[in-house]
Amino acid sequence: MLFPSRYSLERWSYTLQRITGVVVTLYFVLHVIETGNFVGGPSVWYVPPYDYARAYYEEIREFLHNPVFDVGLVIIGWMVAFHAVNGLRLTLAHFGITLGRPSRVEPEAPPRSFSPFQRAIFWISIALAVFAVVYSLNALMGVLAA
Amino acid sequence: MEGKVVFTVFRHDPSAGERPRFVRYEVPYRSGMTVLDGLLYIKERIDHTLAIRYSCRMGICGSCGMKVNGLPRLACFTQVSELGRSIKVEPLPNHPLVRDLVTDFTAFFSKHRAVKPWLIRKDAEEQENPTRQYLQSDQELERYIQFSYCISCGLCYSACPVVTALPEFPGPQALAWLYRFYADSRDQGGRERLRLVDDATGIWRCHFAGSCSQVCPKGVDPALAIQLLRRAVLRG
């Protein structure tokens, strides 16, 4: 049921939206933990001269500075962009804005809910997610400058 | 297309305590043959113990729903020629198995009844002793006519990933029926109908996967009905 090979674009959208939602949520949890470590906890804000914070900062930066985490961030960038824009498509669908109107059934006609407008937003979300990948690759690895 | 078609059929009798298995049958192809024709050939000439459910053989009763080559379809409505020489047949997902290709629709129909699939009217006396017809314009008819074509075959219900994850979800069929009556100008259920599904396990659980609309053999488009129900709730 998870891999929707025989189903329509909307089912792919559903599967991607679920996977990206779960992964981005997990990322946010790890991100908060990592950022908390990065600043060394609340004590660094009131224990001058902040040597502990500086040492911790360098240690974590060294740990995170490798291609594996960079690729991970690029993937997260793709997921966040896709999830956000595709979520907008779903919100619009909740209000019936991007869908066709009910009518008499025409043989072989696609369902009105599979309207070209809402499908276009899906492809826009994919395109913006690809843009986010390019932007992330450039920001982290300078691919456009190379 | 001539020669033989290989049917790989799911076999399992839970009451016998046997393990589920797939059995291969070779069936001679003939022009115009449907998947149901092939299964009936197997039952009549190869293996009488195969359990299937069917009735009208013409896509009206909705009895012969099953998963054919990975998608829920009506066996009588699916031509062998559009599937090729290898056909895999399984029972409908999301419905409890009775035996082989026969599934239990008890939960499905109880959800159907729960949405009150009938006209709700305040004028009880007029219902008992009608004095006139309820006239409708073409525009009023078009608001719901599409959803009234549902034959309750359960294909949409078996294709829905939300029903798989949350069995309490009413499913696309019940929700499409609810919208069919909500949108009917003769119905006076109004907000009472929406309250039936405006909860944590109701319309808000739909994630618009659209599989229900894809597999519907009658073009009912339950995904559209569910989004329109949400719009009705959101717009008050």
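Residues numbered from 1 in each chain as written. Chains lettered and ligands numbered in written order. Predicted model: local features only at pLDDT ≥ 70, side-chain atom pairs only at ≥ 80, totals over all residues. Heavy atoms only, no water.

Caption draft 1: Up close: the overall build of chain A. Scanning chain A for helices and strands turns up four helices and zero strands. Secondary structure elements of chain A occur, N-terminal to C-terminal, as α-α-α-α. Going through the 146 residues of chain A one by one, you find that 32% of them count as buried. Taking as baseline every contact in chain A between residues at least 6 positions apart, the subset at least 24 positions apart corresponds to 61%. (Helix = DSSP H or I, 4+ residues; strand = E, 2+ residues; numbered from the N terminus. Buried < 20%, exposed > 50% of the residue type's maximum accessible area, 1.4 Å probe, protein only. Contact = heavy atoms within 4.5 Å.)

Caption draft 2: Structural view of the packing of aromatic side chains. Residues and elements named next belong to chain A. Scanning the entire structure with this criterion turns up 13 aromatic pairs over all chains. Between tryptophan 78 and phenylalanine 82, the ring centres sit 5.5 Å apart and the planes meet at 10 degrees, which makes this aromatic pair stacked. In this pair, tryptophan 78 and phenylalanine 82 are both assigned in helix α3 (residues 67–94), four residues apart and thus about one turn of the helix distant. Using a relative accessible area of 0% as the deciding quantity, one classes phenylalanine 82 as buried. Three or more aromatic residues joined by ring pairs form one cluster here, namely Trp78, Phe82, Phe122 and Trp123. (Phe/Tyr/Trp six-rings, centres within 6.5 Å; stacked < 30°, edge-to-face > 60°.)

Caption draft 3: Broad picture of the packing of helix α2 (residues 106–114) of chain B against helix α7 (residues 172–182) of chain B. All names here are of chain B. Two elements in contact, α2 and α7, have axes whose closest approach is 9 Å; the angle formed by their N-to-C orientations is 20 degrees. With respect to each other, α2 and α7 are oriented roughly parallel. The chirality of how α2 crosses α7 is right-handed. Residues Phe108, Lys111 and His112 of α2 form the contact with α7, whose participating residues are Gln173, Ala174 and Trp177. Per-class residue counts for the contact of α2 with α7 are three nonpolar, two polar and one charged. (Axes fitted to C-alpha atoms, helices over the stretch in contact; angles between N-to-C directions. Parallel < 35°, antiparallel > 145°, perpendicular 65-115°, else oblique. Left-handed = near helix turned anticlockwise from the far one by under 90°. Nonpolar A, V, L, I, M, F, W, Y, C, P; charged D, E, K, R; others polar.)

Caption draft 4: Quick peek at the interface of chain B and chain A. In this assembly, 38 residues from chain B lie in contact with 26 residues from chain A. For the pairing of chain B and chain A, the buried interface totals around 2700 Å² over both sides, and the portion due to carbon and sulfur atoms is 61%. Its salt-bridge partner being glutamate 142 of chain B, residue arginine 104 of chain A comes within 3.5 Å of it at the nearest N-O pair. For the side of chain B that touches chain A, the elements supplying multiple residues, two or more each, are β4 (71–74), α4 (138–142), α5 (155–159), α6 (161–165), α9 (211–215) and α10 (222–234) of chain B. A per-element tally of the side of chain B that touches chain A places α10 of chain B first, with seven residues. Broken down by class, the residue content of the side of chain B that touches chain A amounts to 17 nonpolar, 12 polar and nine charged. (Buried area = accessible area lost by both parts, 1.4 Å probe. Salt bridge = Lys/Arg side-chain N within 4 Å of Asp/Glu carboxyl O.)

Caption draft 5: Spatial organisation of the domain arrangement of chain B. All names here are of chain B. Per the domain assignment, the segments of chain B are domain 1 (4–103) and domain 2 (106–234). Distance between the C-alpha centres of domain 1 and domain 2: 29 Å. Opposite the 15 residues of domain 1 that make contact, domain 2 presents 16 residues. Area buried by domain 1 at its contact with domain 2 is led by Pro72, Asn94 and His95, which between them contribute 46% of it. The interface formed by domain 1 and domain 2 holds zero salt bridges in total. Here domain 1 is connected to domain 2 by six residue pairs in polar contact (both at pLDDT 80 or more). (Domains from an automatic or database assignment. Polar contact = N/O pair within 3.5 Å; in protein donor to acceptor, adjacent residues only side chain to side chain.)

Caption draft 6: Representation of a nonpolar patch on the surface in the model. All names here are of chain A. A cluster of nonpolar side chains, contributed by Val71, Leu73, Ile75, Val130, Val134, Leu140, Met141, Val143 and Leu144, occupies part of the molecular surface with about 710 Å² of accessible area. Contributions of two or more residues to the nonpolar patch are made by α3 and α4 (116–141). With four residues, the top contributor of residues to the nonpolar patch is α4. Looking at where leucine 140 falls in the secondary structure, it is placed in helix α4. (Patch = residues over 30% accessible without salt bridge, like charges linked within 9 Å, V, L, I, M, F, W, Y side chains within 5 Å. Areas by Shrake-Rupley, 256 points an atom, 1.4 Å probe, with all protein chains shown as cover.)

Caption draft 7: Structural detail: the pattern of salt bridges. Residues and elements named next belong to chain B. Per the stated rule, a full pass over the model turns up 14 salt bridges over all chains. Notably, a salt bridge pairs arginine 21 with glutamate 18, separated by 3.3 Å at the nearest N-O pair. According to the relative accessible area criterion, arginine 21 is partly exposed, its value standing at 37%. By relative accessible area, glutamate 18 is classed as partly exposed at 31%. Of the charged contacts in the structure, one is a salt bridge between aspartate 37 and arginine 30, with a shortest N-O distance of 3.3 Å. The class for aspartate 37 is partly exposed, based on a relative accessible area of 22%. We classify arginine 30 as partly exposed; its relative accessible area is 46%. Taken together, the shared-partner salt bridges in this structure form one network comprising Arg11, Asp47, Arg99 and Asp100.

Caption draft 8: Representation of the sheet that holds strand β5 (residues 86–90) of chain B. Residues and elements named next belong to chain B. Pairing in this open sheet of five strands is mixed, and the strands run β2-β1-β5-β3-β4 from one edge to the other. Pairing within the sheet leaves two strands with one partner each, and these edge strands are β2 (21–28) and β4. When strand polarity is set aside, the average angle formed by the axes of neighbouring strands in this sheet is 35 degrees. Its contacts with the sheet place helix α1 (residues 35–46) against β1 (4–11), β2, β3 (65–68) and β5, and it is angled at close to 95 degrees to β2. (Pairing = 2+ DSSP bridges.)

Caption draft 9: Summary view of the packing of α7 of chain B against α10 of chain B. Residues and elements named next belong to chain B. At a minimum axis separation of 8 Å, α7 and α10 run at an interaxial angle of 55 degrees. By the angle between their axes, α7 is oblique relative to α10. Between α7 and α10 the crossing geometry is left-handed. In this structure, α7 uses Pro172, Leu175, Ala176, Leu178, Tyr179 and Tyr182 to contact α10, whose residues at the interface are Pro222, Ala225, Ile226, Leu228, Leu229 and Ala232. When the residues that make up the contact of α7 with α10 are grouped by side-chain class, the tally is 12 nonpolar, no polar and no charged.

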